[in-house]
Amino acid sequence: RRIEEGAMQRAALQHACFVARTRPRRRAERKRRNFRVHGSDMPAWEQQEVEIEQEVLHVKRTVEQELQKVRDAGRGDLEKMEEDANFDEELIQIRRRIEKATNLLQKGLVEREKEVKLLLLATLCREHILFIGPPGTAKSELARRMSMVCRGNYFERLLTRFSVPEELFGPLSMKGLEMDQYVRKTHGYLPEASIAFVDEIFKANSAILNALLTILNERLFDNGNKRIPVPLVCLVGASNELPESEELDALYDRFLIRKIVRQVSEGGLSQLLTGVAWEDDDVEQAAEGEASPVDPSIDDEEEPVLLVEDLEKTRRKAIAGVAVPPTVIDLISDLRTFLQNKCEPPVYVSDRRLVKAVAMLKVAAYTNGRSQVNEFDCLLLTHCFWQRTEDCDKVDDWLLSQLSVDDGAKQVKYLLKGLFARACRAQGDAQKCAAIQGEILQVKALLSSKVSALRNTLGGEFASIRKHLWIGQDDAEAIVAAIS
């Protein structure tokens, strides 16, 4: 037994020594089998990997060249933008008229550029605008000037809790009553106005609300047993406070654009106090409590700057000819989801408001000379998708975060890495390679559209924002600083 045990120990020791001596040689053999030692020894899977790496390097070089073209695009100008957008002569005239109307509306006013642009946009879209702010901030002045610019019939009224329907829609016809007809004499009242201004609009009682809602939305007025169309283009509502009663929610939702009007800042007080020279008659009117007169330069125009017919024609062309890409639709949908599901308290956005907001974006894109809406037009939604004053900052911050420079770069990287891994596992399979190639073409098309949008954005240092008709200069600079 002792002899057998000794023999087994010697055999085990000899085997261990053999393994120790041959381990490096066997490891080298495995390495030679699995890895390249000479160029001719490269396995097939490694050759495919090298080819894929070369393709990836080629794609990287192509993308870098395209980005270099974007960086070298330089500063663009309005004429170049018009040539690229294939402006027609009629659209160029409309754009010039809008710029002229903007200058006329804000002449003599201090820090009212945003309000003027939004009022013009609402008029072009045949929508209504609500100004919320303290008295004496030129809310009614803007409405009067707008009526002068388009030479439309103007109606203005201040509501109180005791206002009656006759103040807005006209008195009852005495001759009609003699003939057993309950009709109103609407001449000179809201049913025959093109531009209207209603101050303290949320003080309207239930007797006024029913007829007012129909006029604002359907542009119809029930006069007796007949429903007649009204020529109303834009109603400018004003209030010192937001509505508190639920019965006013429907009226509040009729105003697509909402703007908080603030007092002139301390930096603009010197311009306000020294830049306006009133005549003696103007001082007397102000002392008597009458409104300041409209800028006479507006009334002295030989022809209207913007005809009501031109406004409707422009809106129809914009809605019919401007496309809304899926990226913009997704952005608006995500914004609504964010406001209604992730904000506290939730911000309700009605379906009607969504549809009208998209139509407004089409008009904004068309007047800027584009055939489709881009993401930066959605910045105008800051003035549409809010219910309370604190909601404005939420909408603005969310939009700027979505429009920042890092636009899905990480997702694209993950997508490319996934495609690369699948290509390595395909091992030359024709069916799998064809499927991967189809997905790569889709990614290529997506990246090409992104590069094109980036070129248009960065051309002339964010020219699409700085030259935007409906975004003020101060807002444009703040937006560029936030997203760059």
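Residues numbered from 1 in each chain as written. Predicted model: local features only at pLDDT ≥ 70, side-chain atom pairs only at ≥ 80, totals over all residues. Heavy atoms only, no water.

Asks: Any chance you could explain the nonpolar core here in plain terms?
Replies: Proteins that are soluble and globular tend to have nonpolar side chains buried together. Ile129, Leu339, Met360, Leu381, Phe385 and Trp470 are the most contacted members of the largest nonpolar core, which has 74 residues in total. When residues of this core are assigned to their parent elements, the largest contribution, eight residues, is made by helix H16 (residues 351-367). In this structure, Leu168, Phe255, Ile260 and Cys392 belong to the second largest nonpolar core, which totals 30 residues. (Core = buried A, V, L, I, M, F, W, Y, C linked by side-chain atoms within 4.5 Å. Buried < 20%, exposed > 50% of the residue type's maximum accessible area, 1.4 Å probe, protein only. Helix = DSSP H or I, 4+ residues; strand = E, 2+ residues; numbered from the N terminus.)

Asks: Looking at this structure, how should I read helix H15 (residues 326-342)?
Replies: End to end, H15 covers 23 Å across 17 residues, agreeing with the expected 24 Å (1.5 Å per residue, within 8%). Those residues of H15 that fall on the buried side of the exposure criterion are Val328, Leu331, Ile332, Leu335, Phe338 and Leu339. The arc that holds every buried residue of H15, seen down its axis, measures 120 degrees, which confines them to one face. The exposed set on the far side of H15, more than 90 degrees from its buried face, consists of Pro326, Asn341 and Lys342. Its buried side turned inward, H15 meets H16 and helix H17 (391-402). (Expected span 1.5 Å × (residues − 1). Arc of directions from axis to C-beta. Contact = heavy atoms within 4.5 Å.)

Asks: What is the right way to read the sheet that holds strand S1 (residues 129-132) from this model?
Replies: Strand pairing within a sheet occurs via backbone hydrogen bonds; the two strands may be parallel or antiparallel. One open sheet accounts for five strands, arranged S2-S3-S6-S1-S7; its pairing is parallel. The two strands at the open ends of the sheet, each matched to only one other strand, are strand S2 (154-158) and strand S7 (257-260). The sheet shows a mean angle of 15 degrees between the axes of neighbouring strands, taken without regard to direction. Summarising the sheet, S1 and S7 pair through four bridges and their orientation is parallel. Paired with Leu130 across the strands is Arg258, a residue of S7. (Pairing = 2+ DSSP bridges. Axes fitted to C-alpha atoms, helices over the stretch in contact; angles between N-to-C directions.)

Asks: Looking at this structure, I do not really get empty space enclosed by the protein. What am I missing?
Replies: One water molecule sets the probe size; rolling that probe over the atoms shows where empty space is left. Within the structure shown, the criterion is met by one cavity of 30 Å³ or more. Of the residues forming the lining of the largest cavity, the biggest block, three residues, is contributed by H16. Looking at the lining of the largest cavity residue by residue, the classes come out as two nonpolar, no polar and five charged. (1 Å grid on protein atoms, 1.4 Å probe; cavity = no way out; pocket = protein on both sides within 12 Å on 5 of 7 lines; lining within 4 Å. Points joined across faces, edges and corners; volume = space filled by probe spheres on them. Nonpolar A, V, L, I, M, F, W, Y, C, P; charged D, E, K, R; others polar.)

Asks: I'm lost on the pairing of strand S5 (residues 226-229) in this one. Help?
Replies: The two faces of the sheet receive side chains in turn, since in a regular strand these alternate between them. When strand S4 (residues 220-223) meets S5, the two strands line up antiparallel, connected through four bridges. By the bridge assignment for S5, Leu220 is matched with Pro229. Between the antiparallel neighbours S4 and S5 lie two residues, among them Gly224 with a positive phi of about 70 degrees.

Asks: Would you take a moment to explain a nonpolar patch on the surface for this structure?
Replies: Taken together, the side chains of Met174, Leu177 and Tyr182 make up a nonpolar region of the molecular surface, amounting to roughly 340 Å² of accessible area. You can see Met174 is positioned in helix H8 (residues 174-178). (Patch = residues over 30% accessible without salt bridge, like charges linked within 9 Å, V, L, I, M, F, W, Y side chains within 5 Å. Areas by Shrake-Rupley, 256 points an atom, 1.4 Å probe, with all protein chains shown as cover. Salt bridge = Lys/Arg side-chain N within 4 Å of Asp/Glu carboxyl O.)

Asks: Hey, could you run me through the state of the cysteines in this one?
Replies: Throughout this description, disulfide means a covalent bond between two cysteine sulfur atoms. In the structure shown here, the tally under the stated rule is zero disulfides. Between Cys384, a free cysteine, and Cys125, which holds the nearest cysteine sulfur, the sulfur-to-sulfur gap is 8.9 Å. Note on Cys384: relative accessible area 1%, which makes it buried. (Disulfide = S-S within 2.5 Å.)

Asks: Can you walk me through the environment of Glu200 in this structure?
Replies: With respect to the element layout, Glu200 can be found in the loop between strand S3 (195-199) and helix H9 (206-218). Ignoring sequence-local partners within four residues, the contact set of Glu200 consists of Leu158, Leu159, Ala238, Ser239 and Asn240.

Asks: Quick question: what am I supposed to make of the confidence of the model for the protein chain here?
Replies: Atom-level detail of predicted coordinates should not be read off regions where pLDDT is low. Model confidence for the protein chain is summarised by a mean pLDDT of 81, while 76% of its residues fall at 70 or above. For the protein chain, the element scoring lowest by mean pLDDT is helix H12 (residues 280-287), at 40; S1 scores highest, at 97. Counting interchain partners and residues more than four positions distant, the pLDDT-below-50 stretch residues 73-86 has 16 contacts. Low pLDDT (under 50) marks residues 277-293, which in the prediction has 10 contacts with non-local residues, meaning those over four places away or in another chain. (pLDDT = per-residue confidence, 0-100.)

Asks: Got a minute to help me understand the packing of aromatic side chains in this structure?
Replies: Given two aromatic rings, one states the distance between the centres and the angle between the planes to describe the pair. Counted according to the given criterion, the structure contains four aromatic pairs. Ring plane angle 75 degrees and centroid distance 5.9 Å describe the contact between Phe202 and Tyr252, whose orientation is recorded as edge-to-face. Taken together, the residues Phe202 in the loop between S3 and H9 and Tyr252 in helix H10 (residues 249-253) connect sequence positions 50 residues apart. For the pair Phe202 and Tyr252, one class covers both residues: buried. (Phe/Tyr/Trp six-rings, centres within 6.5 Å; stacked < 30°, edge-to-face > 60°.)

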